[in-house]
Amino acid sequence: MTPTPLSAHEFKGRKFFLKRDDLYNPFLSGNKFRKLHTLIQTPKSSLKRILSYGGTQSNAMVALAKLCHDKEWEFVYYTKKLSKTQKENPQGNYFHALGLGMKCVEVEHALYKECIASLPIGLDNATQLVHQGGAGLEAQAGMEALAMEIRTQLLEIPPIVLPSGTGTSAFFLAHALKECKVYTVPAVGDVAYLRLQMEALGDIPKNLYILEPKKKYPFAKPQKEFFTLWQELKTQTGVEFDLLYAPLMWQTLLEQTKEEFLYVHSGGVLGNDSMLTRYRAKKFC
Ligand SMILES: *Cc1c(COP(=O)(O)O)cnc(C)c1O
């Protein structure tokens, strides 16, 4: 794989480097292509089918849809029953994933947990299950590859910054770059919840710093200040970030740190379409 570009920028007077993992592919972007590193390297003939599950606007879902499309593997995605509007008028990542051939299996809310728990049972050799968000130990190889790229692109690596959902990406990147400080924020839940998720993967490395945002924000809920920051970033750097994770990371980073840093673009820009629809509905833009 050719390394993704690394560029230098300034935002609100802060100098930083940007690792452009968003540029790998519009569908398979950011930390999702890193987490799927092992599957990307897997020969077509080794598998026939990928199963996964989660929400219908997930960035991991559309990344898997693209991967399976290119590998000519079947992609079966389990999700909770869709609303009538979602079904009649597919939007955003869901729309793109369907276009890439994803087969969606809708499960009744009451049966969802049980259904997901039963997915790993009795899989054949040609079928692989990818857990929600691509979380899990499989993500390690891709984050190690990212660490290697960063080492070849920068002689002196400043603190590294990337937002967390499950925390899988930050966890494995911090492990792979023990000599560097890694900053993250919990975009889903609070610091304690993020630590729990990370502890399920192993010991949290000492060089990983979880910053605590000053305010609590429910995940994926439009916030006027997030839109403003997102827009300023776009104007001042010329780079579009995702609206789900990046604004909270940037806000917290600017408030609580002083150093120059290397921001790892985590992708997810394709999902901005459906987020902007929600921002417009709230008259936030
Ligand atoms: C999935 C995703 C994250 C969260 O990654 P984790 O490894 O689950 O912490 C962050 N930012 C973007 C844009 C994502 O798509």
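So, how was this worked out
Residues numbered from 1 in each chain as written. Predicted model: local features only at pLDDT ≥ 70, side-chain atom pairs only at ≥ 80, totals over all residues. Heavy atoms only, no water. Near = heavy atom within 4 Å. Polar contact = N/O pair within 3.5 Å; in protein donor to acceptor, adjacent residues only side chain to side chain. Areas by Shrake-Rupley, 256 points an atom, 1.4 Å probe, with all protein chains shown as cover. Helix = DSSP H or I, 4+ residues; strand = E, 2+ residues; numbered from the N terminus. Nonpolar A, V, L, I, M, F, W, Y, C, P; charged D, E, K, R; others polar. 1 Å grid on protein atoms, 1.4 Å probe; cavity = no way out; pocket = protein on both sides within 12 Å on 5 of 7 lines; lining within 4 Å. Points joined across faces, edges and corners; volume = space filled by probe spheres on them. Salt bridge = Lys/Arg side-chain N within 4 Å of Asp/Glu carboxyl O. Buried < 20%, exposed > 50% of the residue type's maximum accessible area, 1.4 Å probe, protein only. Domains from an automatic or database assignment. Contact = heavy atoms within 4.5 Å. Buried area = accessible area lost by both parts, 1.4 Å probe.

K.L.:
What is the right way to look at the site of the ligand in this model?
P.N.:
Near the ligand you find 15 residues, and of these K32, N59, G165, T166 and S169 are the closest. For the ligand, an oxygen atom lies 2.5 Å from a polar atom in the side chain of T166. For the ligand, whose unbound accessible area comes to 390 Å², protein coverage reaches 97%. Broken down by secondary-structure element, the contributors of at least two residues to the shell around the ligand are α1 (31-35) and α8 (168-176). Broken down by element, the shell around the ligand gets its largest block of residues, 3 residues, from α1. Residue composition of the shell around the ligand, by class: 2 nonpolar, 10 polar and 3 charged.

K.L.:
Please clarify how empty space enclosed by the protein should be interpreted in this entry.
P.N.:
Any space left empty among the atoms is revealed by the rolling of a water-sized probe across them. Scanning the model with the defined rule gives 2 cavities of 30 Å³ or more in all. Lining of the largest cavity is provided by A187, Y217, P218, F219, A220, K221, F226, L243, L244, L248, M275 and Y279. One number sums up the size of the second largest cavity: a volume of about 30 Å³. Around the second largest cavity, the lining residues are K32, K35, L36, A60, L64, V130, G133 and G134. Contributing elements (two or more residues each) for the lining of the second largest cavity: α1 and α3 (59-71).

K.L.:
For this particular structure, what's the right way to read the pattern of salt bridges?
P.N.:
Oppositely charged side chains can pair when the atoms bearing their charge come close. Throughout the structure, instances matching the rule amount to 17 salt bridges. Close ionic contact of K44 with E72 constitutes a salt bridge, the shortest N to O distance being 3.2 Å. In this pair, K44 is assigned in the loop between α2 (37-41) and β3 (49-53) and E72 in the loop between α3 and β4 (74-80), connecting sequence segments 28 residues apart. For E225, the salt bridge identified is with K215, shortest N-O distance 3.5 Å. Placement of E225 in helix α10 (residues 224-237) and of K215 in the loop between β9 (208-210) and α10 is noted, with a sequence separation of 10 residues between them. Overall, K215 belongs to the partly exposed group, its relative accessible area being 45%.

K.L.:
So what exactly am I meant to see when it comes to the domain arrangement of the protein chain here?
P.N.:
Buried accessible area, meaning the area lost when the parts come together, often serves as the stated size of an interface. In terms of domain boundaries, the protein chain breaks down into domain 1 (6-27 + 137-281) and domain 2 (34-134). Here the C-alpha centre of domain 2 lies 24 Å away from the C-alpha centre of domain 1. At the interface, 21 residues of domain 1 touch 16 residues of domain 2. Taking both sides of the interface into account, the surface hidden between domain 1 and domain 2 amounts to around 1600 Å²; carbon and sulfur atoms contribute 55%. There are 2 salt bridges connecting domain 1 and domain 2. Across the pair R34 and E149 runs a salt bridge whose closest N-O atoms are separated by 2.9 Å. At the junction of domain 1 with domain 2, the criterion picks out 2 residue pairs in polar contact (both at pLDDT 80 or more). With 6 residues, helix α7 (residues 140-153) is the largest single contributor of residues to the side of domain 1 that touches domain 2. Residue composition of the side of domain 1 that touches domain 2, by class: 8 nonpolar, 9 polar and 4 charged.

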